[in-house]
Amino acid sequence: MKNVLVIGSTGQIGSELTMKIRREIAGSQVVAGYIPGAEPKGILLESGPAEIADVRDAQGLAAIVDKYKIDTIYNLAALLSAVAERKPLLAWDIQMNGLINILEIAREKGCAVFTPSSIGSFGPETPHVGTPQDTIQRPRSMYGVTKVATELLSDYYFHKYGVDTRSVRFPGLISNVTLPGGGTTDYAVEVYYSAVKGEEFVCPIGPGTYMDMMYMPDALKAAIDIMIADPTRLIHRNSFNIASMSFEPEQLFAKIREYIPSLKVRYEVDPVRQAIANSWPDSMDDSCARAEWDWKPSFDMDSMTRDMIDALRKKFAIS
Ligand code: AKB
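These numbers were taken from a predicted model, which means no experiment stands behind them.

Student: Looking at this structure, how should I read the packing of helix H7 (residues 187-197) against helix H9 (residues 249-257)?
Tutor: Packed helices, taken two at a time, are described by the angle between their axes plus the distance between the axes. As a packed pair, H7 and H9 sit with axes 11 Å apart at the nearest point and diverge in direction by 30°. Considered as vectors, H7 and H9 are oriented roughly parallel to each other. Where H7 crosses over H9, the two elements pack in a sense that is right-handed. Across the interface between the two elements, Tyr-187, Ala-188, Val-191, Tyr-192 and Ala-195 of H7 pack against Pro-249, Leu-252, Phe-253 and Ile-256 of H9. Split into classes, the residues belonging to the contact of H7 with H9 amount to nine nonpolar, no polar and no charged.

Following this line, the structure appears as structure tokens:
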């Protein structure tokens, strides 16, 4: 991994992943790919090259790969689950037509490709507790359909053409740099912002709804570690279950109240998000990732909560 293109570099994952690779992978050059309207700013713009990279524009992508001699593509372009339900055809266009463009370029030009999957790739018939690596994947959301197809197509390009595709199934990601947009798990990020700002939080997911969640530093580490893992150890590729914590809203609110007792919450359940959440795993089994590339998370709910509150207090200059 030397010359890297991050597509979706200004999104929730991309904004932090681009900076982490620039900082930590010696000798790397990371191109921040973006779409008009989501231009990189500040340190993201100043610390390296940036190019318009729309996954639906195959020629434009190929030109970037040639110009920077790209060897690794992080394909982070996606509509998240709740938005994808509102715009299913756009989700299909970005997630599937975009992916095939990237895989074709990777095949022609010899790039490795990371396209994340998600807990969204599972469905109501999937075993919800200790969800195995290899199990039933029959999602009913458009987001989930595109994620299963992404896993299959990425494996297809590996087996048929030898394209070095690898990936992880991300849980809900909690971060303090860039907000997610339109996911089912977003509540677990937004409640921290409300807590720190002293605002009432209106929760769209009902009490008792367990989902896998992960703090962003662990997710970034996974995204890099899987791409530099020894390929001879990989039995799976697209995609690995990775897990670090599973909780339902009341457990998260109780944890935040240990540090901000004044947190006020009201439920206004969103039926679309709730139906999606009900179909997703409560907790995934990530033993294959642990065995095949030594995956191990560092944060639990308590250490994440302390770090989130500290970071957000600094961000909003609240003492
Ligand atoms: C979403 O909620 O849509 C995403 C995901 C779990 O993939 N955060």
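Having seen the structure, we can now continue with the description.
Student: What is the right way to look at the domain arrangement of the protein chain in this model?
Tutor: By a widely used convention, the size of an interface equals the accessible area lost when the partners come together. Parsing the protein chain into structural domains produces domain 1 (3-171 + 216-241) and domain 2 (172-213 + 244-315). Residue-level contacts link 43 residues of domain 1 with 40 residues of domain 2. Considering only the surface of domain 1 that becomes buried against domain 2, Gln-12, Ile-119 and Asp-218 emerge as the three largest contributors, covering 20% of it. At the boundary of domain 1 and domain 2, one finds one salt bridge. Between Arg-233 and Asp-294 there is a salt bridge, with the nearest N and O atoms lying 3.0 Å from each other. Across the contact surface, domain 1 and domain 2 share 22 residue pairs in polar contact (both at pLDDT 80 or more). Those elements that place two or more of their residues in the side of domain 1 that touches domain 2 are helix H1 (14-24), helix H4 (81-86), strand S7 (129-131), strand S9 (168-170), helix H8 (216-228) and strand S13 (240-241). Here the side of domain 1 that touches domain 2 gets eight residues from one element, more than from any other, and that element is H8. Taken together, the residues of the side of domain 1 that touches domain 2 break down into 22 nonpolar, 14 polar and seven charged.

Student: Please explain the pattern of salt bridges as it appears in this structure.
Tutor: Side-chain pairs of opposite charge can arise where the charged atoms are in close proximity. For the coordinates displayed, the defined rule picks out 19 salt bridges. A salt bridge links Glu-125 to Arg-140; the nearest nitrogen and oxygen atoms lie 2.9 Å apart. Residue Glu-125 is located in the loop between strand S6 (117-118) and S7, and its partner Arg-140 is located in the loop between S7 and helix H6 (142-161); the two are separated by 15 residues in the primary sequence. Glu-125 sits in the partly exposed class, given a relative accessible area of 42%. Between Asp-286 and Arg-290 there is a salt bridge, with its nearest N and O atoms 2.9 Å apart. In this structure, a network of salt bridges that share partners links the residues Lys-255, Glu-258, Asp-302 and Arg-306.

Scoring rules and cut-offs
- Residues numbered from 1 in each chain as written.
- Predicted model: local features only at pLDDT ≥ 70, side-chain atom pairs only at ≥ 80, totals over all residues.
- Heavy atoms only, no water.
- Axes fitted to C-alpha atoms, helices over the stretch in contact; angles between N-to-C directions.
- Helix = DSSP H or I, 4+ residues; strand = E, 2+ residues; numbered from the N terminus.
- Parallel < 35°, antiparallel > 145°, perpendicular 65-115°, else oblique.
- Left-handed = near helix turned anticlockwise from the far one by under 90°.
- Contact = heavy atoms within 4.5 Å.
- Nonpolar A, V, L, I, M, F, W, Y, C, P; charged D, E, K, R; others polar.
- Domains from an automatic or database assignment.
- Buried area = accessible area lost by both parts, 1.4 Å probe.
- Salt bridge = Lys/Arg side-chain N within 4 Å of Asp/Glu carboxyl O.
- Polar contact = N/O pair within 3.5 Å; in protein donor to acceptor, adjacent residues only side chain to side chain.
- Buried < 20%, exposed > 50% of the residue type's maximum accessible area, 1.4 Å probe, protein only.

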